[in-house]
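Structural characterization, general
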Amino acid sequence: MTPYGNSIVIIGGGFAGINVAQNLLKKERDLHITLVDRNNFNFFPPLLYQVATGFLDVSNISYPYRKLFRNHPNFTFRMGELLEIKPDQNLVVLSSGELRYSKLILATGTESNFFGNENVRKHALPMKTVADALLLKNTLLTRLEEATVSNNQIEQKRLTNFVIAGGGPTGVEIAGMLSELKQNIFKKDYPELAALPFDIYVLDGLPTLLAPMTQKSQDYALKSLESMGAIINLNQLVKDYDGESVLLGDGSRIETKNLIWTAGVTGQTFTGLPAEFYGRGKRLLVDACNKVKGTVNIYAIGDSCLQTLDKGFPNGHPQLAQVAIQQGKNLAHNIHAELTGYPLKPFRYHDKGSMAIIGRNKAVTDLPKPSLHFQGFFAWLMWLFVHLLSLVNFRNKLKTLTSWSAAYISKDQYLRMIVRPANREPEHQHTEAK
């Protein structure tokens, strides 16, 4: 167990957790910072869909925490999952032990929301983690291989139909990537399936794609996906899914073994924090400086929190990377200010805009101040530039740029391998005494 003292424990190493850790380490040498995460690496969620479709390798978008922070003697990494918080003891119980803290920062992000539908949770393919992305890639490639040896036309259709639930940026981006695979690769790699349509459906319960973005972006995304062969069903909810066909709200069905779930996210609850600490979407209620209401030294940032005191966002901030980054930096500033006797700074979100990529030379960008909209090739370049710069280090940037350049020139990619970890119990050797 770590000593109490000036020990700050951060649970979660995503955008929010990394930024608060990096900024605190720049400002404070007397604080000991422990970062806890279930993985031993940070990864870049906006590019998960490119891992899932074989355009990028996991190493392009991820980086080990221990290497990222190796030059900071007052930093410790602990791999594990949070099991319980004991606020009265300033203690967290992890799957890998216990830690004491002077301040606890919760930055665990979100998990897929299946809206209570157990069948969807069981059979659909989510895309929130690196493990999800790898499972999705392996599953889709396996289904295509199965289709090549099937003699049943209905079964072949189920195996090669792709249904994406959710018309937000992630849903639009994976639909665009699958459409490009359909146009440029599938029928070349799988000549046995050349007669099949490889239908790609996008479903959303709202009347538009990219609901948070401008009308121009929504219209462009719709027209672009339709021109690429995607089938868009709006005002349409998934009612059930049995692993063979998707039941829609209007009673119709789509035959598919491939339901990709990007329809929603929800926060996580923590044993030790009462129900009244949470607001909409299981997000922790926080004050203007991100302290969890009802606590004295517990903070929540990023997707984990719901803050309603920012005048521009009375219903809470959008669950976006920029919010998490800015809250992490602001909390680091406030912890430093508290230790040095300076006033705290309430969090104010500065909206830097929204963007989504649809396909080759196709993207949309909305900038709030001044109010500008870009679409097509220039927006595509902007998306590439912003996402490249957002990767955690130079190595990731270089590898990703190389992969993108090769894919753009060749209209192909080379990571379509089905690689599964071995699934076997460790062997125990017993030495017999003689």
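Since the model is a prediction, treat every value here as computed from it, not as a measurement.

Some remarks on the packing of aromatic side chains
Counted by the stated rule, this structure contains 13 aromatic pairs. Aromatic pair Phe186 and Phe198: ring centres 5.2 Å apart, planes at 35°, arrangement tilted. In this pair, Phe186 is assigned in helix H8 (residues 169-189) and Phe198 in the loop between H8 and strand E13 (200-203), connecting sequence segments 12 residues apart. Residue Phe186 is classed as buried on the basis of its relative accessible area, which comes to 4%. Clustering of aromatic rings is evident, with ring pairs tying together Phe162, Phe186, Tyr190 and Phe198.

Structural notes on a positive patch on the surface
Side chains of Lys26, Lys27, Lys329, Lys345 and Lys352 sit close together on the surface and give a patch of like positive charge. Note on placement: Lys26 falls in helix H1 (residues 15-27). When its relative accessible area of 69% is taken as the criterion, Lys26 is described as exposed.

Comments concerning the environment of Glu180
Position of Glu180 among the secondary structure elements: in helix H8. Not counting the four nearest positions on each side in its chain, Glu180 is found in contact with Ile185, Met228, Gly359 and Arg360. Within polar-contact distance, the side chain of Glu180 engages the backbone nitrogen of Arg360 at 2.3 Å.

Comments concerning the sheet that holds strand E24 (residues 362-367)
Across the sheet, which stays open at both edges, the 3 strands sit in the order E23-E24-E25 with antiparallel pairing between neighbours. Two strands close off the open sheet at either side, each with one partner strand: strand E23 (354-359) and strand E25 (372-375). Sheet twist, expressed as the average angle between the axes of neighbouring strands with direction ignored, equals 5°. In this structure, E24 lies alongside E25, joined through 4 bridges in antiparallel fashion. Residue pairing for E25: Thr365 is matched across the bridge by Phe374. Each of E23, E24 and E25 is contacted by helix H9 (residues 215-227), which is oriented at about 175° to E24, the strand it contacts most.

Brief notes about the environment of Asp219
Checked against the element boundaries, Asp219 lands in helix H9. A C-alpha to C-alpha distance of 8.2 Å links Asp219 and Thr208, two positions 11 residues apart in sequence.

Some details on the packing of helix H6 (residues 130-149) against helix H7 (residues 153-160)
The contact between H6 and H7 brings their axes to 9 Å, and the two run at 160°. Relative to H7, the element H6 lies roughly antiparallel. The two elements H6 and H7 cross, and the hand of that crossing is left-handed. Residues Arg143, Leu144, Glu146 and Ala147 of H6 form the contact with H7, whose own contacting residues are Gln156, Leu159 and Thr160. Residue composition of the contact of H6 with H7, grouped by class: 3 nonpolar, 2 polar and 2 charged.

Quick word on the environment of Gly279
By the element assignment, Gly279 lies in the loop between strand E19 (265-266) and strand E20 (284-285). Along the backbone, Gly279 and Lys239 are 40 residues apart, and their C-alpha atoms lie at a distance of 26 Å. Apart from residues lying up to four places away in sequence, Gly279 is in contact with Leu285 and Leu306.

Let's talk about helix H12 (residues 394-410)
Turn by turn, an α-helix covers 3.6 residues, leaving residues three or four places apart pointing in a common direction. Look at H12: 24 Å from first C-alpha to last across 17 residues, which is about the 24 Å you get at 1.5 Å a residue. Listed as buried for H12 are Asn396, Thr400, Ser403, Trp404 and Ala407. For H12, the angular spread of the buried residues around the axis is 100°, confining them to a single face. The exposed residues of H12 that point more than 90 degrees off its buried face are Phe394 and Ile409. Against the buried residues of H12 lie helix H2 (48-52), helix H3 (58-61), strand E4 (62-64) and helix H11 (377-390). Backbone geometry just after H12 places Lys411 at a positive phi near 55°.

Here is what the cut-offs are and how they apply
Residues numbered from 1 in each chain as written. Predicted model: local features only at pLDDT ≥ 70, side-chain atom pairs only at ≥ 80, totals over all residues. Heavy atoms only, no water. Phe/Tyr/Trp six-rings, centres within 6.5 Å; stacked < 30°, edge-to-face > 60°. Helix = DSSP H or I, 4+ residues; strand = E, 2+ residues; numbered from the N terminus. Buried < 20%, exposed > 50% of the residue type's maximum accessible area, 1.4 Å probe, protein only. Patch = residues over 30% accessible without salt bridge, like charges linked within 9 Å, V, L, I, M, F, W, Y side chains within 5 Å. Areas by Shrake-Rupley, 256 points an atom, 1.4 Å probe, with all protein chains shown as cover. Salt bridge = Lys/Arg side-chain N within 4 Å of Asp/Glu carboxyl O. Lys, Arg positive; Asp, Glu negative; His and termini not counted. Charge placed at Lys NZ, Arg CZ, Asp CG, Glu CD. Contact = heavy atoms within 4.5 Å. Polar contact = N/O pair within 3.5 Å; in protein donor to acceptor, adjacent residues only side chain to side chain. Pairing = 2+ DSSP bridges. Axes fitted to C-alpha atoms, helices over the stretch in contact; angles between N-to-C directions. Parallel < 35°, antiparallel > 145°, perpendicular 65-115°, else oblique. Left-handed = near helix turned anticlockwise from the far one by under 90°. Nonpolar A, V, L, I, M, F, W, Y, C, P; charged D, E, K, R; others polar. Expected span 1.5 Å × (residues − 1). Arc of directions from axis to C-beta.

Interpretation in functional terms is not warranted from these geometric data alone.
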